[in-house]
Amino acid sequence: FFKNSTIVVALNLVGHYFSVILVAYAFARLRAPGKNVLFLILLSTMMLPFPVLLIPTYEIFQTFGMLNTLWPLFVRAFFGNAFLIFLLRQFFMSIPRELEEAAIIDGANTLQVLWHVMLPLSKPALATIGIFTFWWHWNAFLEPFVYVNSVKNFTVSLGLAFFKGQYVYNFHWLMAAGMVAIIPVITIFFFAQRYFIEGIQLTGLKG
């Protein structure tokens, strides 16, 4: 169970960092016709309740034969996340443009500016994205419950439910299993709390 959750979280981290960074930088800095309209459409997707999306996404994964695998639990991360894109875009917009202009004068292209200028200055926001991603997917229950059927593909959250069914009257075992399951989240937050709090304060989420 821990192995499956670790794989899911790691792939979601890779997917979110890959997609969110590129899209957020494009919305924050690049010029394109209709960019603001596209950004509003992106934000509007945050207003869709999860149950509305559950059946269509289930049918899509069923069509591609991905049910009862770990694919549905991480593949969507490679297509972005509206909330994380908004968060990182707000942080990128707070970075002075003069730093980018200086790098461009020195001959840097767009990707070099992003890699060597923007990302080193965005560690708090990147840490915040990492914590949110880890927290969401480590504790996720409904999506694994819907998409995964076999015990070998269970994540930690499904494993706890399975454990509860096996040892329903052994409450001390259930409490021990629950404690073991939340230790990784507590540990990550403990070591990254400074970046997390700073990232929240410096983005559009403060107040």
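Residues numbered from 1 in each chain as written. Predicted model: local features only at pLDDT ≥ 70, side-chain atom pairs only at ≥ 80, totals over all residues. Heavy atoms only, no water.

## Regarding the overall build of the protein
Inference 1: Helix and strand counts for the protein stand at 10 helices and 0 strands.
Inference 2: What you see in the protein, going N to C, is helices and strands ordered as α-α-α-α-α-α-α-α-α-α.
Inference 3: Referenced to the eigenvectors of the C-alpha coordinate spread, the extents of the protein come out at roughly 65 × 40 × 30 Å.
Inference 4: Buried positions account for 38% of the 207 residues belonging to the protein.
Inference 5: Looking at the protein alone, contacts between residues at least 24 apart form 79% of all its contacts between residues at least 6 apart.
Inference 6: A total accessible area of about 12400 Å² is found for the protein, and carbon and sulfur atoms account for 71% of it.
Inference 7: Computed over 12 positive and 7 negative side-chain charges, the separation of the two mean positions in the protein equals 8 Å. (Helix = DSSP H or I, 4+ residues; strand = E, 2+ residues; numbered from the N terminus. Buried < 20%, exposed > 50% of the residue type's maximum accessible area, 1.4 Å probe, protein only. Contact = heavy atoms within 4.5 Å. Areas by Shrake-Rupley, 256 points an atom, 1.4 Å probe, with all protein chains shown as cover. Lys, Arg positive; Asp, Glu negative; His and termini not counted. Charge placed at Lys NZ, Arg CZ, Asp CG, Glu CD.)

## Overview of the pattern of salt bridges
Inference 1: In this structure the tally under the stated criterion is 2 salt bridges.
Inference 2: Of the charged contacts in the structure, one is a salt bridge between Arg29 and Glu100, with a shortest N-O distance of 2.1 Å. Linking Arg29 in helix α1 (residues 2-29) with Glu100 in helix α5 (residues 97-105), this pair joins segments that are 71 residues apart in sequence.
Inference 3: A salt bridge links Glu143 to Arg76; its shortest N-O distance comes to 3.2 Å. Residue Glu143 is located in helix α8 (residues 142-147), and its partner Arg76 is located in the loop between α3 (50-63) and α4 (82-93); the two are separated by 67 residues in the primary sequence.
Inference 4: Residue Arg76 is classed as partly exposed on the basis of its relative accessible area of 30%. (Salt bridge = Lys/Arg side-chain N within 4 Å of Asp/Glu carboxyl O.)

## So, helix α2 (residues 35-44)
Inference 1: Considered for burial, the residues of α2 that qualify are Lys35, Phe39 and Leu42. All buried residues of α2 lie within an arc of 55 degrees about the axis, which places them on one face of the element. Those residues of α2 that are exposed and aimed more than 90 degrees away from the buried face are Val37 and Leu40.
Inference 2: The elements touched by buried residues of α2 are α1 and α4. (Arc of directions from axis to C-beta.)

## With respect to unusual backbone geometry
One can expect most non-glycine residues to show negative phi and most peptide bonds to be in trans.
Inference 1: The backbone of Asn68 sits at a positive phi, close to 65 degrees, despite the residue not being glycine.
Inference 2: In this fold, Asn68 is placed in the loop between α3 and α4.
Inference 3: Asn68 sits in the partly exposed class, given a relative accessible area of 26%.

## Some details on empty space enclosed by the protein
Inference 1: Throughout the structure, instances matching the rule amount to 1 cavity of 30 Å³ or more.
Inference 2: Its residues assigned to classes, the lining of the largest cavity comprises 4 nonpolar, 2 polar and 1 charged. (1 Å grid on protein atoms, 1.4 Å probe; cavity = no way out; pocket = protein on both sides within 12 Å on 5 of 7 lines; lining within 4 Å. Points joined across faces, edges and corners; volume = space filled by probe spheres on them. Nonpolar A, V, L, I, M, F, W, Y, C, P; charged D, E, K, R; others polar.)

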